[in-house]
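Now for the letters of each chain:
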There are 2 protein chains.
Amino acid sequence: MRPPALTIPLAAALAAASATAQAPASPAPPPAPSEIVGKASAADWIAIAPSDLMVMELAPASGGKARRVVIQLMPAPVAGPHVGNVRALAKAHWWDGTSINRVQDNYVVQWGDATEKKALPEGLAAVPEAAYEMPIPADYAALLAQVSTRGFVPPSPPRLPPDYGDPYADFAGFLGGFPIAGQLGSGSPGSLWPVHCYAMVGVGRDMSPNTGTGAELYTVIGHAPRHLDRNIALVGRVIEGIEHLTSLPRGTGALGFYEKPAERVTIRSVRLASEMPPAADLKFQQLSTDSDSFEAYAIARANRRDPFFIKPAGGADICNVPVPVRRAP
Amino acid sequence: MRPPALTIPLAAALAAASATAQAPASPAPPPAPSEIVGKASAADWIAIAPSDLMVMELAPASGGKARRVVIQLMPAPVAGPHVGNVRALAKAHWWDGTSINRVQDNYVVQWGDATEKKALPEGLAAVPEAAYEMPIPADYAALLAQVSTRGFVPPSPPRLPPDYGDPYADFAGFLGGFPIAGQLGSGSPGSLWPVHCYAMVGVGRDMSPNTGTGAELYTVIGHAPRHLDRNIALVGRVIEGIEHLTSLPRGTGALGFYEKPAERVTIRSVRLASEMPPAADLKFQQLSTDSDSFEAYAIARANRRDPFFIKPAGGADICNVPVPVRRAP
């Protein structure tokens, strides 16, 4: 028995290649989503601006191993005003010396000032609840008009999609490299909003109408809590090092908060990559969600036909189509 | 500022109660899903049979803290033939001394015999791929006929549901306390299958037509990998102690396998609760998915109207409606 695995192990891939060699008339098996991404042309990859990268250095793990978490802030047009606050807090080095305070299984890891007494930098925007949604941009509305509602918005030009129906919204899709959902307007452009997929980063808040300042952040570490969409602001996503957060001990207090200060993990620093020296080696790229490669990838995610699979699903939910991100080659 | 939280903190609940006291004419705020579950009558809770509980004791954590994981095996009619194999392996104490071998972030934790040389007990069933699906039982088909397709199957009697549309199947719902999805037949009863939600436990396998023996198991620790539905067998779900698996260090090898034997966590024992002494204190209950309480809970999950929320979604996906399980009071 080969090593059991849920996706194609190397041994199996080699065996499949060998079988093909013995029967040269057989067509190559359909590619896995990862293979489609691997073959995407250099032009399909977009550099992520260093000013959109935020680097959180945690205190080293026991044994001295560094723990770095890289967050991609949402760019225009998806970014709301909270992203500006987050940039300002990073530039003020505000999170230095704060901590990871909450780890709730299948929900979130949350960080910020556990004392809740640290003064905030001046000039942060007070963000209204209306900022949880944005009007659908005209060019996106034109795309939407070409596809059926209650479905996924594929990249331009739209083709007949598999089923990407979304029970939380009229449509779901991608904009500027981020997963979004939205509702169609009647006589108005309608609205859209970023969605709570795994690894997305959002702004903790108190009871409504409070929308938070941006100083308390969380990331999703479980099944997409889509009920939070339009109820809490999202500002970005973790693109590297999320395992340093997801593997932390779960908090035993209410909502997964750590009960003892000693359980908290210290945040040594949070910096924008644009303010770090080039030696920090922080060059990342994302697969353009407007590329044909991304469309082929999204279709393959919805219809796995690579050799391990026997029944393609015929559909996928928006959070099961994670946007590929890589280190620049 | 009160402690930031994504769901109602105690302080906020008290403040809300206080506000109600000051304005007695105001109606009580709509209950949160957890409040609906908390008020369910004793009759709505179903005892989980000890023969359906499997207890995995890991080697203690550093510091000596015990690590117990409790798995609920799927009962009829959802259970497939792999569940019998898993029971046989537990009765044979087959997993004793094996290990956790793989932790892949946002995917699975997998365990079994890392050497792949341990002899299996005799009498395990060879399970065909056809067993990934089952015919829709007649009484469930009658329920389905009362609601629209491509939606959620609420408990009997069905009422107009929120949107629980499922891009992976014709319908999604619950049967025997487990989340399922299915496709409608034309002239036949159609088929249904259990689905890969967070914490579900499945059977690792090699390439098709291999379906695995049941000796290699995994649990889902990230966003629901629904593309695995009908491609791998599910046998149950973790109902307690999943944090002992989800907080393990991620494996650095391919597919998240641990590269060094020392990284593996030893499994001390796996036992059916029915073979453990009463002192093991393993009395669990699940909220009946046929109860009115569950229906109210499912509707509240899809339409959060408790005070923290400002926009109810109007829908939910099947894996965002986790079946409540508790220790027997």
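Along every chain, residues carry numbers that run from 1 in the direction the sequence is written. The lettering of chains begins at A and the numbering of ligands begins at 1, in the order of writing. Note on the predicted model: pLDDT of at least 70 is required for a residue's local features to be given, and 80 or more for side-chain atom pairs to be given and counted; whole-chain, interface and lining totals, by contrast, use all residues. With hydrogens and water set aside, each side-chain value is computed from the structure's full complement of heavy atoms.

**As for the interface of chain B and chain A**
Inference 1: Residue-level contacts link 69 residues of chain B with 70 residues of chain A.
Inference 2: Accessible-area loss on putting two parts together, using a 1.4 Å probe and summing over both, is the definition of buried area adopted here. Between chain B and chain A the total buried area reaches about 6100 Å² when both faces are included, carbon and sulfur atoms providing 57% of it.
Inference 3: Salt bridges, as used here, are contacts in which a Lys or Arg side-chain nitrogen is within 4 Å of a carboxyl oxygen on Asp or Glu. Summed over the shared surface of chain B and chain A, the result is 2 salt bridges.
Inference 4: Notably, a salt bridge pairs Lys-311 of chain A with Glu-133 of chain B, separated by 2.6 Å at the nearest N-O pair.
Inference 5: In protein, a polar contact requires one atom able to donate a hydrogen and another able to accept it; more generally it is a pair of N or O atoms within 3.5 Å, and residues adjacent in sequence count only if both atoms are side-chain atoms. The tally of links between chain B and chain A comes to 25 residue pairs in polar contact (both at pLDDT 80 or more).
Inference 6: Strands are runs of DSSP state E lasting at least two residues, helices are runs of H or I lasting at least four, and both sets are numbered from the N terminus onward. Sorting the residues of the side of chain B that touches chain A by element identifies strand S5 (108–112) and helix H5 (243–246) of chain B as the ones contributing at least two each. Should any heavy atoms of two residues lie within 4.5 Å, those residues are counted as being in contact.

**Regarding the environment of Ser-191 of chain B**
Residue and element names in this part refer to chain B.
Inference 1: Position of Ser-191 among the secondary structure elements: in strand S10 (residues 191–194).
Inference 2: Burial classes: relative accessible area under 20% of the type maximum marks a residue as buried, over 50% as exposed, and values in between as partly exposed (1.4 Å probe, protein chains only). Judged by its relative accessible area of 11%, Ser-191 is buried.
Inference 3: When the C-alpha atoms of Ser-191 and Met-134 are compared, they prove to be 5.3 Å apart, with 57 residues separating the residues in sequence.
Inference 4: Other than its neighbours up to four places away in sequence, Ser-191 contacts Glu-133, Met-134, Pro-135, Ile-136, Phe-171, Ala-181, Gly-182 and Gln-183.
Inference 5: A polar contact is formed between the side chain of Ser-191 and the side chain of Glu-133, at a distance of 2.5 Å.

**A short note on the sheet that holds strand S13 (residues 234–240) of chain A**
Residue and element names in this part refer to chain A.
Inference 1: Taken together, the 8 strands give a closed barrel; going around it, the order is S2-S3-S13-S11-S12-S5-S4-S14, and neighbouring strands pair in antiparallel fashion. Neighbour-to-neighbour, the strand axes of the sheet open up by a mean angle of 35°, direction not taken into account.
Inference 2: Bridge count for strand S11 (residues 200–203) against strand S12 (residues 217–220) is 3 bridges, and the pairing is antiparallel. The partner of Val-201 across the bridge, within S12, is Thr-219. Think of it this way: DSSP has to see at least two bridges between two strands before they count as a pair. Axis lines are fitted through C-alpha atoms, for helices just across the contact stretch, and the angle between N-to-C directions can take any value from 0 to 180 degrees.

**Structural notes on the relation of the copies chain B and chain A**
Think of it as a corkscrew move, a rotation about one axis and a shift along it, taking one chain copy to the other.
Inference 1: We place the copies in one frame by least squares, fitting the C-alpha atoms of every residue whose pLDDT is at least 70 in both. It takes a turn of 180° to lay chain B on chain A, together with a shift of 0.0 Å along the axis; the resulting RMSD is 0.0 Å. What the rotation and shift describe, once combined, is the action of a two-fold rotation axis.

**A word on the side chain of Arg-102 of chain A**
Residue and element names in this part refer to chain A.
Inference 1: Here Arg-102 lies in strand S4 (residues 99–104).
Inference 2: For the buried Arg-102, which has no salt bridge, the nearest side chain bearing the opposite charge is Glu-216, at an N-O separation of 8.5 Å.
Inference 3: One polar contact links Arg-102 to Gln-110, side chain to side chain, over a distance of 2.8 Å. A positive count includes Lys and Arg, and a negative count includes Asp and Glu. His and the chain ends are not counted in either.

**What to know about the sheet that holds strand S15 (residues 284–287) of chain A**
Residues and elements named next belong to chain A.
Inference 1: What the 3 strands build is an open sheet, ordered S1-S15-S16; its pairing is antiparallel. Where the open sheet ends on each side, the last strands, each with one partner, are strand S1 (45–47) and strand S16 (325–327). Averaged over all adjacent pairs, the angle separating strand axes in this sheet is 35°, with direction ignored.
Inference 2: In this sheet, S15 lies alongside S1 in antiparallel orientation, the contact comprising 3 bridges. Bridge assignment links Ala-47 to a residue of S15, and that residue is Gln-285.

**Topic: the pattern of salt bridges**
Residue and element names in this part refer to chain A.
Inference 1: Going through the model one piece at a time under the given rule, you end up with 22 salt bridges over all chains.
Inference 2: A salt bridge links Arg-226 to Asp-166; its shortest N-O distance comes to 2.8 Å. Taken together, the residues span a long stretch of sequence, with Arg-226 in the loop between S12 and S13 and Asp-166 in the loop between strand S7 (152–153) and strand S8 (171–175) at a distance of 60 residues. Across this residue pair, the class does not change: Arg-226 and Asp-166 are buried.

**Digging into the state of the cysteines**
Residue and element names in this part refer to chain A.
Inference 1: Two cysteine sulfurs form a disulfide in these notes if their separation is within 2.5 Å. Applying the stated criterion across every chain, the model contains 2 disulfides over all chains.
Inference 2: One disulfide in the model links Cys-197 with Cys-319; its S-S distance is 2.1 Å. Judged by the torsion about the S-S bond (-75°), the Cys-197/Cys-319 disulfide is left-handed. One end of the pair, Cys-197, is in the loop between strand S10 (191–194) and S11; the other, Cys-319, is in the loop between helix H6 (292–302) and S16, with 122 residues separating them in the sequence.
Inference 3: Since its relative accessible area comes to 7%, Cys-197 is described here as buried.

**Section: the pairing of S10 of chain A**
Residue and element names in this part refer to chain A.
Inference 1: The alternating pattern of S10 places Ser-191 and Trp-193 and Leu-192 and Pro-194 on opposite faces, both of which are buried.
Inference 2: Sheet topology note: the strand S6 (residues 134–135)/S10 ladder contains 2 bridges and is antiparallel. When the sheet's bridge partners are listed, Pro-135 is paired in S10 with Ser-191.

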